[in-house]
Amino acid sequence: GEMGFTFEIEGLRVFFPYDTIYPEQYKYMCELKRSLDAKGHAVLEMPTGTGKTVTLFALITSYQFAHSQVGKLIYCTRTVPEMSKALEELRVVIDFRVKTLADEAA
């Protein structure tokens, strides 16, 4: 299923739209958060098929939600199908956050 859950990374609440998270994804999110905290640059590599896109979107959109002063996320792809797939994934991430927050407020 795609129930999703939330968890904390160093005080940041992360909204993750799937039930399971790979250790690589968690590690990637920790590194990404450190880069954002340091306002620095990051080069992060993950093996194919480990859910890079959802990992990136879940962490960054959660970070933006917690820190409204953070700027835009600019995401580049090589092809239009890659972009469509990425936007679909982004929608899943945002929908999960919206639903979670609405459920909690109810």
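Before any of the text, the structure's been laid out above.
These remarks concern the structure in this document.

Rules used throughout
Residues numbered from 1 in each chain as written. Predicted model: local features only at pLDDT ≥ 70, side-chain atom pairs only at ≥ 80, totals over all residues. Heavy atoms only, no water. Helix = DSSP H or I, 4+ residues; strand = E, 2+ residues; numbered from the N terminus. Expected span 1.5 Å × (residues − 1). Buried < 20%, exposed > 50% of the residue type's maximum accessible area, 1.4 Å probe, protein only. Contact = heavy atoms within 4.5 Å. Polar contact = N/O pair within 3.5 Å; in protein donor to acceptor, adjacent residues only side chain to side chain. Pairing = 2+ DSSP bridges. 1 Å grid on protein atoms, 1.4 Å probe; cavity = no way out; pocket = protein on both sides within 12 Å on 5 of 7 lines; lining within 4 Å. Points joined across faces, edges and corners; volume = space filled by probe spheres on them. Nonpolar A, V, L, I, M, F, W, Y, C, P; charged D, E, K, R; others polar. Salt bridge = Lys/Arg side-chain N within 4 Å of Asp/Glu carboxyl O.

A few points about helix α3 (residues 80–105)
And step 1. The terminal C-alpha atoms of α3, which comprises 26 residues, lie 37 Å apart, in line with the 38 Å expected from a rise of 1.5 Å per residue.
And step 2. Of the positions making up α3, those classed as buried are A86, E89, V93, F96, R97 and T100.
And step 3. The inward-facing, buried residues of α3 contact β1 (5–9), β2 (12–16) and α2 (52–66).
And step 4. Sitting at the head of α3, T79 places a side-chain oxygen 3.2 Å from the backbone nitrogen of E82.

Examining the pairing of β2
And step 1. Within β2, 4 of the 5 residues are buried, which leaves the element mostly enclosed by the surrounding structure.
And step 2. Bridge count between β1 and β2: 5 bridges; the pairing is antiparallel. Looking at the pairing, F7 lines up with V14 of β2.
And step 3. The turn joining β1 and β2, which pair antiparallel and follow one another in sequence, is formed by 2 residues; a positive phi near 45° is taken by E10.

Quick word on the layout of surface pockets
And step 1. Considering only enclosed or pocket space, the largest pocket measures out at about 380 Å³ in volume.
And step 2. Lining the largest pocket we find 20 residues, and of these K52, T53, V54, Y75 and A86 sit closest to its centre.
And step 3. Sorting the residues of the lining of the largest pocket by element identifies α2 and α3 as the ones contributing at least two each.
And step 4. By volume, the second largest pocket amounts to about 310 Å³.
And step 5. Together, 13 residues line the second largest pocket, and S35, L36, K39, G40 and V70 are the ones closest to its centre.
And step 6. Mapped onto the lining of the second largest pocket, the elements with two or more residues apiece are α1 (23–37) and α2.
And step 7. No other element matches α1, which puts 3 residues into the lining of the second largest pocket.
And step 8. Residues of the lining of the second largest pocket, tallied by class, amount to 6 nonpolar, 6 polar and 1 charged.

Section: the pattern of salt bridges
Note that side chains of opposite charge can pair when their charged atoms are close.
And step 1. With the rule as written, the count across this model stands at 7 salt bridges.
And step 2. A salt bridge links E10 to K33; its shortest N-O distance comes to 3.6 Å. In this pair, E10 is assigned in the loop between β1 and β2 and K33 in helix α1, connecting sequence segments 23 residues apart.
And step 3. For K33, a relative accessible area of 6% corresponds to the buried category.
And step 4. Note that E104 and R13 form a salt bridge whose closest N and O atoms lie 2.4 Å from each other. Here E104 is found in helix α3, whereas its partner R13 is found in strand β2, with 91 residues between them in sequence.

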